[in-house]
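Structure assessment
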Amino acid sequence: GYLKEKLDTLFHKWKRISSPNNNPCTSNERLQKLFTAVYPFLHMSIQGSVLGYHVAYLLGRSVYFDPISHFLQLVVRRITVV
């Protein structure tokens, strides 16, 4: 959603302006360097979790479609007409 798009944009912006030889001097530069180092692993973990939820839901092993619906305790059920 919105937060993911903002984080992706921020990551790409900071990755473009940072240089590998530049030693960070300010706390803001350190934060940028830390964020650009950690974000790819965080993104991979979140996307892997979403994939796991989708597969479990499709195989009938979970009533939750994604981590957000699990957090909100939102159960999606099919209504069939007999």
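Residues numbered from 1 in each chain as written. Predicted model: local features only at pLDDT ≥ 70, side-chain atom pairs only at ≥ 80, totals over all residues. Heavy atoms only, no water.

With respect to helix H2 (residues 27–58)
Its 32 residues give H2 an end-to-end C-alpha distance of 45 Å, which sits within 8% of 46 Å, the value for a rise of 1.5 Å per residue. The largest bend in H2 amounts to roughly 35° and is located at Val38, with the proline Pro40 lying one to four residues further along. Taken together, the buried positions of H2 are Gln32, Phe35, Thr36 and Tyr39. Buried-residue contacts for H2 involve helix H1 (2–17). Within two residues after H2, Gly60 carries a phi angle of roughly 80°, on the positive side. (Helix = DSSP H or I, 4+ residues; strand = E, 2+ residues; numbered from the N terminus. Expected span 1.5 Å × (residues − 1). Bend = angle between axes of the 7 residues up to and from the residue. Buried < 20%, exposed > 50% of the residue type's maximum accessible area, 1.4 Å probe, protein only. Contact = heavy atoms within 4.5 Å.)

A closer look at unusual backbone geometry
Despite not being glycine, Gln73 shows a phi value in the positive range, around 60°. Counting through the fold element by element, Gln73 comes out in the segment after helix H3 (67–71). What makes Gln73 exposed here is its relative accessible area of 53%.

So, to be careful, I would describe these as geometric facts and stop short of saying anything about function.
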